[in-house]
Structure formats: structure tokens, C-alpha cells
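# Commentary on secondary and tertiary structure
Chain by chain, the residues:
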Amino acid sequence: MTRRAIELLLLVLLGALWGLVKSSSGLTVVGALGGAVVWSLWDGLRARQVLRWLNKADVTRTPNLSGAWGEVIERCRKLVKKLEKKAQNSDARLEDFLAAIQASPNGVMLLDAAGRIEWSNLTAANHLGFDPQRDLGQYVRNIVRSPTFAAYLASGDFGHEIQVDGVGPRPSQPSKISLQIHPYGKKRKLMLSRDITAVQLAEAMRRDFVANVSHEIRTPLTVLSGFVETMQSIPLEEADRSRYLEMMSQQAQRMQTLVSDLLTLSRLEGSPVPGTSDWIDGEELIGHVLQESMGLSQAIAKPPHDIRRLPGPALLVSGAKSELLSAMSNLLSNAVRYTPGGGKIETGWRLRQDGWGEYFVRDTGPGIAAEHIPRLTERFYRVDRSRSRETGGTGLGLAIVKHVAQRHGGRIDVTSVVGEGSEFVIALPPSRIRDRVID
Ligand code: ADP
């Protein structure tokens, strides 16, 4: 301020001096006024320079002014820089925020008061099949073309979610998308979407499973209670009585097998994957299941089957012994149960070139048509329902085998020719197979 006053004073003095030199008192005053006018013009020019710079607010090119104007510029420059930094921080935070919403497994859309898409993450676009860039500004009702959604949007009651068809792997197989709107701000809306296809599938499977189990238990239970009623109401001969009791025991046994298979399955699903530290002799495993299946064949087939163990490599297998025995025994007992008496059944271990070990069971039974093969390991799926029941099948055997194989990092393979026979294989990865001789 002082500097400006000195400048003004100097110019006024210079003007007055000029007047004095011209030696007239009138001119002295005019000169002083002239000096003040010159200073005002000069100051005005500097103010204009500052205003021009402020309009651009470019901190890299500041006008070179000294004094009060220089001070004003320096302060403004600092302020602009501070605001620029603040804006940069806000931008970065907004970017982070949007990146986080992009990464969300749920779809997020922002709608304006008129219901147009203002912003959307990629997940929502994938769920509902639109382009998150190109379709910005589109009315959401034109994107989600479902009457349920149109009614939901029009009702204004967003307290619940709704389900609409989304984009699926095929047009005939749309995904199931759950949508819910959350109003915010001035009539704006946040719309969240969730892919619930897998949840719905799991729910449908659970319902089917409960229905199947109930059905499987109800059948022997009905037979059992029928016999009980008969025995209570009619006096029976000793021979009839023991025949009835035998049939009742069969039904009870059937229920017991079913419950035991269900428990096995639930144990397999709930327990940790077997470790790789326990090594079991492959021959020993075969020895167990072979004995069991020969006993079964003697009991149910006339004549019994020709069951053979084929020579193979001496292997050690790592995993849970009880699980492996249960899986191998299921395959062998299926071969016995489905192959007519006198048929040939071969079993053994073999080693593939790529190091995988395979336990196989081959039979000369009825074989299985190709369309059934992919579904054999589904719970309660049976090709021949009556044969399965007759021989005490639960429809869970191959589901157990598949679980055991998968828990050991392997899989179950089935090849079959109708009228000739089938081969069931449990294939285990090299990490679970070791040569017994080398060891
Ligand atoms: P189940 O208790 O009915 O035998 P599984 O899960 O063990 O149930 O087998 C599923 C179905 O696969 C059986 O019902 C049967 O129709 C068919 N199957 C299994 N093994 C054989 C086989 N060796 N030969 C022919 N069909 C078989």
C-alpha cells in the first residue's frame, strides 16, 4: 500500500515540478493532477492485466507485477493452486469410488428423475444386456423390457425386489436377475441388480432332493405299515407270518441303506478334502471290494457271475481309505446288480501314459444308452428303476462315487454299449498315485 502511495506521490510531485518549471502556480496544480491521472491510468492497466490473468487462472503464466498487484497475483495464484489440488483429489477419489463400484459383483445403476440411466457399472450392463457407454441417457424402461419391471417402476413402491429375465448363455436360457430400486436425492434412483440364477437352481435342486428323499422313504414305509396293519388285524399262519416278517425286514433294510447313503453323501460334502499323506495299497483295496461283490453275486445271481481281477501295476493310492473303498465297492456292486447271472465282470488298476491311475470295472450287462450317461451321477437318477429297486439300489451310488473321485482330484468316466456292457472308471491324478515297487 505504501508503495502505491509513494508511486502516486512521486507522479503528483513530478507533475507539480513540471508546473513549477513552467513557472506558473496554475500549471503546478494542473501538473499535480496530471501526475495523479497518469498514475490512475497506469494502475488501471495493471488491474486489467490482473483481471485478464484471473479470467484464465493459469498458474504457470502469471503476469510479472510488483507491489500490491504482485501481492494480489501471488495470493490468487496460491489460492488457484490449492483449489486445483483439491479438485484433483476429489477427481481421484471419485475415480476410486467408481472403480470400487465397477468391481462390485452386484450391478449398480444411477437413474435421473426422469428414469434415464446416468451411470452404470459393467455388471449391471452385463446382467441386463446393454452398453454402459452407448446407452447412457436411455430410459431404463426401454432397456429392461419386462411388464413386471414396468409395473414396479410405475408403482413407486420399491420396498421389495423383483425378478426379471437377464442375458443368459442362450436366448432360450435367460439368466434370472433380481432388481431393486432405492430412491435418493431429488427423485433420483439407485438400482441394484443381482444374478440369482445359481441361487434359484440350488433352491430347485434342494426342493427336488427333499421330494425325492421323501418319496424314497415313503414307499418302503407304506409297505411296512401295510404289513403291520395286516398282522394286527388278521390271525396268520406261521408260514405267512414269517414270510411277512421277511418282507418287512427287506423294507426296513432298504430304508437303512438309503439313510446310510444319505449320511455318506452329507459327510462327503461337509468334510475337508482328504490329505495326500496316507498311502494305501491298491491291491488291498481291490481285495476288500472283490470279496464283498462275490458274496453279493452268490446271494442274488443264479448262476453267480464270473468276477475277475485283471493283473495290473502295483500302485499305492493316497487319500481316505473308507471313501475309496465305498466308491470302488459301489461300482463293483452295480456291475453285479445290473449284469444278469453268469455274466463276466472284470476289475483292476491301470496306469495311463500321463501318470493318471485308473480303477476300472467292466461288465457284460445290459449297457446304458448314451443319453443317460451324463445324468448317471445325479442323485436318484436311475435308468432302470425297477431293477434298481429289486436289487436294493438307492439311486445314490454313482453320486457318491463322483463325490469321492472329485474330492481326490479325480473324476468318474463311463463308457457303455447297449446290449454289450459298460465300463466305469475312477480316474485319479498323478499326485495321488505312486508306484509301490519304487517306494
Ligand atoms: P442305483 O442305486 O440305482 O444303482 P446308482 O447311482 O448306483 O444307483 O446308479 C444309477 C443308475 O445307473 C442305476 O439306477 C442304473 O440304471 C445305472 N447303472 C449303474 N451301473 C450300471 C451298470 N453296471 N450297468 C447298467 N446300468 C448301470
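Refer to the preceding data block for the structure.
The present account deals with the structure reproduced in this document. (Residues numbered from 1 in each chain as written. Predicted model: local features only at pLDDT ≥ 70, side-chain atom pairs only at ≥ 80, totals over all residues. Heavy atoms only, no water.)

### Concerning the packing of helix α7 (residues 197-233) against helix α8 (residues 238-270)
Put simply, the rule reads: An axis is simply a line fitted to the C-alpha atoms; with a helix, the fit covers only the stretch in contact. Between two such axes, the angle follows the N-to-C directions and lies from 0 to 180 degrees. The helix and strand labels rest on DSSP assignments: H or I over at least four residues marks a helix, E over at least two residues marks a strand, and numbering proceeds from the N terminus. Under this scheme an angle from 65 to 115 degrees is roughly perpendicular, one under 35 degrees roughly parallel, and one over 145 degrees roughly antiparallel; angles in between are oblique. Left-handed describes a crossing in which the near helix is turned anticlockwise from the far one by less than a right angle; the clockwise case is right-handed. All residues other than Ala, Val, Leu, Ile, Met, Phe, Trp, Tyr, Cys, Pro, Asp, Glu, Lys and Arg, Gly among them, are scored as polar; the first ten of these are nonpolar and the last four charged.
Relative orientation of the contacting elements α7 and α8 amounts to 160°, with a least axis distance of 10 Å. The angle between α7 and α8 falls in the class roughly antiparallel. Here the hand of the crossing between α7 and α8 comes out left-handed. Residue classes in the contact of α7 with α8 are distributed as 18 nonpolar, three polar and three charged.

### Quick look at the site of the ligand
For clarity, the cut-off: Here a residue is considered near a molecule or strand provided that any single heavy atom belonging to it is located within 4 Å of it. In short, Shrake-Rupley with a 1.4 Å probe defines the accessible areas, and a residue's cover is counted only from the protein chains shown.
As a matter of local geometry, the ligand sits amid 20 residues, with Asn334, Tyr338, Ser388, Gly395 and Leu398 nearest to it. For the ligand, the protein covers 98% of the area, taking 520 Å² as the surface of the free molecule. Among the secondary structure elements, those contributing two or more residues to the shell around the ligand are α10 (321-338), α12 (397-407) and β12 (421-428). Among the elements that make up the shell around the ligand, the one with the highest residue count is α10 (four residues). A class-by-class count of the residues in the shell around the ligand yields nine nonpolar, seven polar and four charged.

### Topic: a nonpolar patch on the surface
Worth spelling out the cut-off: Patches here are clusters of residues that have more than 30% relative accessible area and form no salt bridge, with a 9 Å joining cutoff for like charges and a 5 Å cutoff for nonpolar side chains (Val, Leu, Ile, Met, Phe, Trp, Tyr). For this document, the term salt bridge refers to a Lys or Arg side-chain nitrogen within 4 Å of an Asp or Glu carboxyl oxygen. When a residue's accessible area, from a 1.4 Å probe over protein chains only, is under 20% of the maximum for its type it is buried; when over 50% it is exposed; and in between it is partly exposed.
A contiguous nonpolar surface patch, about 430 Å² in accessible area, is contributed by Leu14, Leu17, Leu20 and Val21. Mapped onto the elements of the fold, Val21 is located in helix α1 (residues 2-21). Among the residues examined, Val21 registers a relative accessible area of 67% and is labelled exposed.

Function-wise, these values are silent; they only describe arrangement.
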